[in-house]
Amino acid sequence: MWDLILLYTSNVSLILGSFLSLSLGLGLIRFPDFYSRMHAAGVADTLCAGLIVFGLSLQSGFNLVTLKLYLILLFIWFTSPTSSFTLANTAYRAGHGVDKTSEEESSSKS
Amino acid sequence: MMMRDLFAIVMLFGIYSLLSAAIFVTLDAVDVAFTEAAVGAGISTILVLSTLALTSSEEKPPQHKFFLPLLVVLITGTALVFGTLDMPDFADPNAPVHQHVAPRYIHDSFQETGLPNIVTSVLASYRGYDTMGEVVVIFTAGIAVSLLLTSVRHKRNEPGNLKDLGHHPIILYVSQLMIPLILLFALYVQFHGDFGPGGGFQAGVIFAAGFILYAMIIGIDKIRETFSSACLRWLAVTGVVLYISVGIVTLLLGGEFLNYNVIAEDPVEGQHWGIFLVELGVGITVTATMLGLFLTFSEVKRSQ
Amino acid sequence: MSTILELYNYWIFIFLMMIGFYIVIAQGNLIKKIVGLNIFQTSVFLLYISMGKVAGGTAPILIDADVTYSNPLPHVLILTAIVVGVATTSVAMALIIRIHKAYGTIEEHEIHEQDASL
């Protein structure tokens, strides 16, 4: 009984994680702007990794493999948002996609 | 092949390397997958991207006829397919490749070298000559690149090309957290290569990746204070000399070149020592060469 | 038809190899040529590793007495080959940078025109 609940929970979590990853890929291709694409990649990536690792850890029991899985998840949660932030920050500082007229308006008003 | 944007092509090439690393894992080649992921998806992509940034050619005009190359490719492909009709089936246990030397490696490797990882023992002990040649090839590539690009580099105090990213506190904090762990992991991979996937090459590349991350965030000048080009050259030479001197020591102790059995009284102990020193030499040379490659590429003067 | 099912790994890799070959001889841009060469190299690695796989085997790290292992010899050869491949790519990239500084372009036909007009 307990095994069945674990199996179903892990399967549901894996399916949700895969669906999130698919929508991430779709957003990466179809969004019109660079920043919205980065937003899709950065936001969906962390939750998708979390769901998949959670589902896998339910199936692998309570041993060293689960600890390693969660350490991998910690590493992904540290590095993936940082790298999307770095990309977006560098693009903004390089002037990519920044509207010049709105910059002048906001600086003349303040 | 029909794409115009070179940047996208390089990114797709990185993804292709990562996918082939995943295929290697499903084909039970864990050491190879490790190396391909680190080297192919990491260092190769960085080098091609640096070249793209330096030659500053993003787009390309439409090119000439494609009929003759297509014909050549089709003829070659057909000849190769005809040649594979005699090959053994996929994953057949009775294929000739599994018959002669491989059973000896699998059965006798633990008694003769005492290492669980058969790939490391074959790489460092049974096929030590090939690995020596490989270390020399890496060293030669580093020397060749520094010879080619020395005359077009920035001098010491001119401003460089790489704008460092170390202004933002988030990037600084996360990199301060991650870089010591990356270097520690590289040390782990170097010395744990006897028991699991790992070894000198992968450890050297991960070491270099940690320092490259530092160079990208803090700046080239800071890392050149520690790793000047002379220092990197000496490190690369040290690795190669370490490898060859292990062979010379075994010659002086009475055995053949690179026969580790004669290093200590117990042959297995001698194998342990020999493999340890040899992998250390490989790791040092790979680290120095990969780091030297990246720093040389990022110091080239951008043409006006 | 049984030959298709059992030999498909060779044909996949011949296909990849021919793609890489076509890129090397048909494209004019030097960076694309080097990328094609790397695709060619990677397909050769896949060929060797697939030849070393044993059905039902596992990675060649000794765990127990009665386990079937895959053949470790192709793994060793391909490990060497990968690192040599990256060494070749780095020297090729350095050469491309020097060619760009000398000719101003990295298109093959423009380089030939500049050479022919000397």
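As the structure is a prediction and not an experimental result, all values here were calculated from the model.

**Side note on the overall build of chain B**
Turning to step 1, where the next piece is worked out: Along chain B, the regular secondary structure elements total 11 helices and 0 strands.
Turning to step 2, where the next piece is worked out: Along chain B, helices and strands appear, N-terminal first, in the series α-α-α-α-α-α-α-α-α-α-α.
Turning to step 3, where the next piece is worked out: Across the 304 residues of chain B, 41% fall into the buried class.
Turning to step 4, where the next piece is worked out: For chain B, restricting intrachain contacts to residue pairs at least 6 apart in sequence, the fraction spanning at least 24 positions comes to 72%.

**Let's talk about the environment of B:Leu68**
Turning to step 1, where the next piece is worked out: Looking at the secondary structure, you find B:Leu68 in helix 3 (residues 67-83).
Turning to step 2, where the next piece is worked out: In this structure, the C-alpha to C-alpha distance between B:Leu68 and B:His192, residues 124 residues apart in sequence, is 51 Å.

**Thoughts on the nonpolar core**
Turning to step 1, where the next piece is worked out: Membership of the largest hydrophobic core comes to 109 residues, with the highest contact counts inside it found for B:Val205 and B:Leu291.
Turning to step 2, where the next piece is worked out: Considering every element that reaches this core, the biggest residue donor is helix 3 (residues 72-103) of chain C, with 13 residues.
Turning to step 3, where the next piece is worked out: The residues touching B:Val205, leaving out its near neighbours within four places in the chain, are B:Ala38, B:Val39, B:Gly42, B:Ile43, B:Val286 and B:Met290.
Turning to step 4, where the next piece is worked out: A:Leu20, A:Cys48, A:Ile52 and A:Val53 belong to the second largest nonpolar core, which has 5 residues in total.

**Here's the deal with the packing of helix 6 (residues 128-149) of chain B against helix 11 (residues 267-298) of chain B**
Residue and element names in this part refer to chain B.
Turning to step 1, where the next piece is worked out: Packing of helix 6 against helix 11 brings their axes to within 10 Å, and their N-to-C directions diverge by 20 degrees. In this view, helix 6 runs roughly parallel relative to helix 11, as classed from their interaxial angle. Every pair of crossing elements has a handedness; the one defined by helix 6 and helix 11 is left-handed. The residues of helix 11 that touch helix 6, namely those facing Gly128, Thr131, Val135, Ile138, Phe139, Ala141, Gly142, Val145, Ser146 and Leu149, are Val278, Gly281, Val282, Thr285, Val286, Thr289, Gly292, Leu293 and Thr296.
Turning to step 2, where the next piece is worked out: Of the residues that constitute the contact of helix 6 with helix 11, the class distribution is 10 nonpolar, 9 polar and no charged.

**Topic: the packing of helix 2 (residues 30-55) of chain B against helix 8 (residues 200-218) of chain B**
Residue and element names in this part refer to chain B.
Turning to step 1, where the next piece is worked out: Look at helix 2 against helix 8: their axes get within 9 Å of each other, and the N-to-C directions meet at 35 degrees. Seen from above, helix 2 lies across helix 8 with left-handed handedness. On helix 8, the residues touching Phe34, Thr35, Ala38, Val39, Gly42 and Ile43 of helix 2 are Phe201, Gln202, Val205, Ile206 and Ala209.
Turning to step 2, where the next piece is worked out: Considered class by class, the residues forming the contact of helix 2 with helix 8 number 8 nonpolar, 3 polar and no charged.

**Brief notes about the environment of B:Gln190**
Residue and element names in this part refer to chain B.
Turning to step 1, where the next piece is worked out: Along the chain, Gln190 turns up in helix 7 (residues 169-191).
Turning to step 2, where the next piece is worked out: Since 24 C-beta atoms lie within 10 Å of it, Gln190 is described here as buried.
Turning to step 3, where the next piece is worked out: The spacing of Gln190 and Gly204 is 14 residues in sequence and 7.8 Å in space, taken between C-alpha atoms.
Turning to step 4, where the next piece is worked out: In this structure, Gln190 is in contact with Gly200, Ala203, Glu279 and Gly283, ignoring residues within four places of it in sequence.

**Focus: the interface of chain A and chain B**
Turning to step 1, where the next piece is worked out: At the interface, 7 residues of chain A touch 7 residues of chain B.
Turning to step 2, where the next piece is worked out: For the side of chain A that touches chain B, a count of residues per class yields 2 nonpolar, 5 polar and no charged.

**Observations regarding the interface of chain B and chain C**
A common way to express how large an interface is: the accessible area buried when the components associate.
Turning to step 1, where the next piece is worked out: Taken together, the contact between chain B and chain C spans 77 residues of the former and 65 residues of the latter.
Turning to step 2, where the next piece is worked out: Mapped onto the side of chain B that touches chain C, the elements with two or more residues apiece are helix 1 (6-26), helix 2, helix 3, helix 4 (102-113), helix 5 (118-126) and helix 6 of chain B.
Turning to step 3, where the next piece is worked out: When residues of the side of chain B that touches chain C are assigned to their parent elements, the largest contribution, 15 residues, is made by helix 2 of chain B.
Turning to step 4, where the next piece is worked out: Residues of the side of chain B that touches chain C, tallied by class, amount to 51 nonpolar, 18 polar and 8 charged.

**Considering the confidence of the model for chain B**
All names here are of chain B.
Turning to step 1, where the next piece is worked out: With 90% of its residues at a pLDDT of at least 70, chain B reaches an overall mean of 83.
Turning to step 2, where the next piece is worked out: Across chain B, element-level confidence peaks in helix 6 with a mean pLDDT of 91 and bottoms out in helix 4 with 81.
Turning to step 3, where the next piece is worked out: Across the whole predicted complex the pTM is 0.85, and at the interface the ipTM reaches 0.87.

**Notes on the arrangement of the chains**
Turning to step 1, where the next piece is worked out: The structure contains 2 pairs of chains in contact, of which chains B and C account for the largest number of contacts.
Turning to step 2, where the next piece is worked out: A gap remains between chain A and chain C, with no contact made and the closest C-alpha atoms lying 17 Å from each other.

**Section: the confidence of the model for chain A**
Turning to step 1, where the next piece is worked out: Across chain A, pLDDT averages 82, with 88% of residues at or above 70.
Turning to step 2, where the next piece is worked out: Counting contacts from residues 105-110 of chain A, a segment whose pLDDT is below 50, to residues more than four positions away or on other chains yields 0 contacts.

**Quick notes on unusual backbone geometry**
Trans is the prevailing form of peptide bonds, just as negative phi is the prevailing case for residues other than glycine.
All names here are of chain B.
Turning to step 1, where the next piece is worked out: The phi dihedral of Asp28 falls on the positive side, at around 70 degrees, and the residue is not glycine.
Turning to step 2, where the next piece is worked out: Summarising the element assignment, Asp28 is placed in the loop between helix 1 and helix 2.
Turning to step 3, where the next piece is worked out: Of note, the phi angle at Leu258 is positive, near 65 degrees, even though the residue is not glycine.

Reading the values: rules and limits
- Sequence order as written defines residue numbering, which begins from 1 separately in each chain.
- Whichever chain is written first is A, and whichever ligand is written first is 1; the rest continue in order.
- For a predicted model such as this one, the threshold for reporting local features is a pLDDT of at least 70, and the threshold for listing and counting side-chain atom pairs is 80 or more; totals across whole chains, interfaces and linings nevertheless cover every residue.
- To qualify as a helix, a DSSP run of H or I must reach at least 4 residues; to qualify as a strand, a run of E must reach at least 2; elements of each kind are numbered from the N terminus.
- Exposed residues have 12 or fewer other C-beta atoms within 10 Å of their own C-beta, buried residues have 20 or more, and partly exposed residues fall in between, where C-beta atoms are placed from the backbone.
- The contact rule is simple: place each C-beta atom from the backbone, and if two of them lie within 7 Å, those residues are in contact.
- We call a set of buried Ala, Val, Leu, Ile, Met, Phe, Trp, Tyr and Cys residues a nonpolar core when their C-beta atoms link them within 7 Å.
- Helix axes use the C-alpha atoms of the stretch in contact, all axes being lines fitted to C-alpha atoms, and the angles between their N-to-C directions lie in the range 0 to 180 degrees.
- These descriptions rest on fixed angle ranges, namely under 35 degrees for roughly parallel, over 145 for roughly antiparallel, 65 to 115 for roughly perpendicular, and the rest for oblique.
- Note on convention: near helix rotated counterclockwise from far helix by under a right angle means a left-handed crossing. Clockwise means right-handed.
- In this count, Pro and Cys sit with the nonpolar residues alongside Ala, Val, Leu, Ile, Met, Phe, Trp and Tyr, while Asp, Glu, Lys and Arg are called charged and the others, Gly among them, polar.
- pLDDT runs from 0 to 100 and stands for how confident the predictor is about each residue.

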